[in-house]
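Residue strings, one per chain:
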Amino acid sequence: MENGAGPRGPGVLVIEPMGNAGRFLVEAADRLGVRLYAATHKDVHEGYPDRLRVALAGVCVTDLTDVPRASEDMAAFCRQHSIAGVAACFELFTPLAALLADRMGLPGNDPGLAWAARNKIEMGEAFAAAGIPAPRWAVAHDAAEAHRVAREHGLGRPLVVKPAEQGGSWGVSVVDGPDGMDGPERPEGAEAPDRLADAVRAAQRFTHAHPHGLELDTRVLLQEYIPGGEYSCDTVVSGGVAYPLPVVAKDTTEGRYRIETGHTCPSGLPAPLVRKVQQIAARAALAVGVRNGIAHTEVKIPPGTQTPYVIETGARLPGDNLCEVVEAATGVSEAVAHLQAVLGLVPDTVPSRTDAASIRFLLPEHGGELRRVFVPDLPGTHSEVHLRPGAVVPEPADSSCRIGHVVARAETADQARGLAERVAARSRVEMG
Ligand SMILES: Nc1ncnc2c1ncn2[C@@H]1O[C@H](COP(=O)(O)OP(=O)(O)O)[C@@H](O)[C@H]1O
Ligand SMILES: [Mg+2]
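Rules behind the numbers
Residues numbered from 1 in each chain as written. Chains lettered and ligands numbered in written order. Predicted model: local features only at pLDDT ≥ 70, side-chain atom pairs only at ≥ 80, totals over all residues. Heavy atoms only, no water. Donors = N, O, S within 2.8 Å, 3.2 Å for Na, K, Ca; no water. Helix = DSSP H or I, 4+ residues; strand = E, 2+ residues; numbered from the N terminus. Buried < 20%, exposed > 50% of the residue type's maximum accessible area, 1.4 Å probe, protein only. Core = buried A, V, L, I, M, F, W, Y, C linked by side-chain atoms within 4.5 Å. Domains from an automatic or database assignment. Contact = heavy atoms within 4.5 Å. Pairing = 2+ DSSP bridges. Axes fitted to C-alpha atoms, helices over the stretch in contact; angles between N-to-C directions. Near = heavy atom within 4 Å. Polar contact = N/O pair within 3.5 Å; in protein donor to acceptor, adjacent residues only side chain to side chain. Areas by Shrake-Rupley, 256 points an atom, 1.4 Å probe, with all protein chains shown as cover. Nonpolar A, V, L, I, M, F, W, Y, C, P; charged D, E, K, R; others polar. Buried area = accessible area lost by both parts, 1.4 Å probe.

Observations concerning the coordination of the magnesium ion (ligand 2)
Then step 1. Within the first shell, the magnesium ion (ligand 2) binds the protein through Glu-298 (OE) and Glu-312 (OE), at distances of 1.9 to 2.1 Å. Highlighted residues: Glu-298 in strand β14 (residues 293–301) and Glu-312 in strand β15 (residues 309–314), separated in sequence by 14 residues.
Then step 2. The buried category is assigned to Glu-298, whose relative accessible area is 8%.

Shown next, in the form of structure tokens:
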């Protein structure tokens, strides 16, 4: 597929740009004069938003779940279109992107480590090998094994249970309190709940990933719970040299399901701790083999300590409109830097302003049919509603329940967060 239009600069093949970062890559390619191509499945391509479809210089139609076939199809496409860089937009395609870049002799990530950026069990091994502060962990195939290995590893409670391969908090549970002692709400004689078994089942619910149907590792990761504030920090790496990007504060729900409620840049951390987060995030990116690309790293900092523990890193641009938040606050375009890195160029990562931006997500109180959404329009903010009335919204257990978001810009982080929170608090989401 080809539309022939577009600039005549270097070509970059993006392995599945249909996620949140796609629109930022499109803008960045436009600014840099890069020809942007997509590798995807025919059915997924049919669902692309118009603005993505028209911005692409061409599409390599293949089956991304069939690695030999996808590699052949994409290699032929790269030769035909003189592709100069390869980028994965979904972390599940990190190994495929690294293999392709290696095969074509293009700048890319280490194919020998690329699985560590996709699979959280291999990631845990890579972090341990590199001495990166991370939660203690164990692996289980089922609930009985989960009980046993959690005990053997002394992981205690709360305990985090998550799928080996997934994103968006899908299947992630924080299990609290001992099983079988469930307090006064349990009717007399009723069986003791096994919350760990429930969490293992929730984590194993996903056997294939949306939208390509890629088969997932259904093993479950049990992790020690790290308390404290949560932050993210992205790292661009070009030619093996890490360039840190700004640190962002992340807010989530409490309780069993940890869903992002918003992000704010700058993070509000003192400068030495910002540098520490950036350094640990860079080490995490290098540990999972990022050599030419970007990584999105999430950390938590236990109260009273100066140690960021890495929760996860993904060798891809961030989701959640973080590209917009970071650029509004600092002037740095992560998508521009990413494209520069996959082309082997020095990325443009120097902040050009010191403003602030914050995003809040509109979440439903419970699942059901969306009846009506109202979001007030305050100066300094803009909002987007993702779903139409009539849409069926899942229970708020992961990020797929999001109804919309609001972004606020201001001079300071507190002002930006306050403004975005005001809009979110005055918004009305009516569910049927
Ligand atoms: N070990 C942990 N300790 C404390 N909180 C955690 C831990 N692991 C995950 N979380 C919480 O759950 C969220 C989702 O988990 P994460 O590993 O980032 O999965 P996903 O790939 O779905 O984003 C995190 O952002 C964090 O709030
Ligand atoms: Mg995460």
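Still to come is the rest of the account.
Focus: the nonpolar core
Then step 1. The biggest cluster of nonpolar side chains holds 59 residues, and the ones touching the most others in it are Val-12, Leu-13, Ile-15, Leu-36 and Met-74.
Then step 2. Ranked by residue count, the leading element in this core is helix α11 (residues 334–342), at six residues.
Then step 3. Of the domains in this structure, domain 1 (11–104) and domain 2 (136–224) are the two that each give at least three residues to this core.
Then step 4. Ignoring any residue separated from it by four or fewer positions in sequence, one finds Val-12 in contact with Val-34, Arg-35, Leu-36, Tyr-37, Ile-83, Gly-85, Ala-87, Leu-339, Val-342 and Leu-343.
Then step 5. Of all hydrophobic cores here, the second largest spans 27 residues; its members include Ala-117, Cys-233, Ile-280 and Ala-285.

Observations concerning α11
Then step 1. α11 sits mainly inside the fold: nine of its nine residues count as buried.
Then step 2. Inspection of α11 places Glu-334, Ala-335, Val-336, Ala-337, His-338, Leu-339, Gln-340, Ala-341 and Val-342 among the buried residues, and these make up the whole buried set.
Then step 3. Positive backbone phi, approximately 80°, marks Gly-344, located one or two places after α11.

Topic: the sheet that holds strand β18 (residues 381–385)
Then step 1. Strand order in the open sheet formed by eight strands is β15-β14-β11-β12-β13-β16-β20-β18, and the pairing between neighbours is antiparallel. The sheet is open, and its two borders are formed by β15 and β18, each paired with just one other strand. Ignoring which end each strand starts from, the neighbouring axes of this sheet average 20° apart.
Then step 2. Here strand β13 (residues 260–265) pairs with strand β16 (residues 356–362) via four bridges, running antiparallel.

Quick look at the sheet that holds strand β17 (residues 368–374)
Then step 1. The strand order β19-β17-β21 describes an open sheet built from three strands, whose pairing is antiparallel. The open sheet is flanked by β19 (392–393) and β21 (428–431), the only strands paired with a single partner.
Then step 2. Looking at chain direction, β17 and β19 are connected through two bridges and run antiparallel. The residue of β19 that forms the bridge with Glu-369 is Val-392.

A short note on the site of ligand 1
Then step 1. Around ligand 1, 22 residues are found, and the nearest of them are Lys-120, Lys-162, Ser-169, Ile-226 and Glu-230.
Then step 2. In this structure, Lys-162 approaches ligand 1 through a side-chain N or O atom, which is 2.6 Å from an oxygen atom.
Then step 3. One of the backbone nitrogen or oxygen atoms of Glu-224 is found 2.9 Å away from a nitrogen atom of ligand 1.
Then step 4. Relative to its unbound accessible area of 540 Å², ligand 1 is 98% covered by the protein chains.
Then step 5. Sorting the residues of the shell around ligand 1 by element identifies β6 (159–163), β10 (220–224), β12 (241–252), β14 and β15 as the ones contributing at least two each.
Then step 6. Counted by class, the shell around ligand 1 contains seven nonpolar, six polar and nine charged residues.

A short note on the domain arrangement of the protein
Then step 1. Split into domains, the protein comes out as domain 1 (11–104), domain 2 (136–224) and domain 3 (358–431).
Then step 2. On the side of domain 2, 10 residues touch domain 1, which itself brings 11 residues to the contact.
Then step 3. Summed over both partners, the interface of domain 1 with domain 2 buries about 720 Å², with 78% contributed by carbon and sulfur atoms.
Then step 4. By the criterion of area lost to domain 2, the three top residues of domain 1 are Val-44, Thr-65 and Leu-92, representing 57% of everything that side buries.
Then step 5. Connecting domain 1 to domain 2 are one residue pair in polar contact (both at pLDDT 80 or more).
Then step 6. Looking at the side of domain 1 that touches domain 2, its residues break down into six nonpolar, three polar and two charged.

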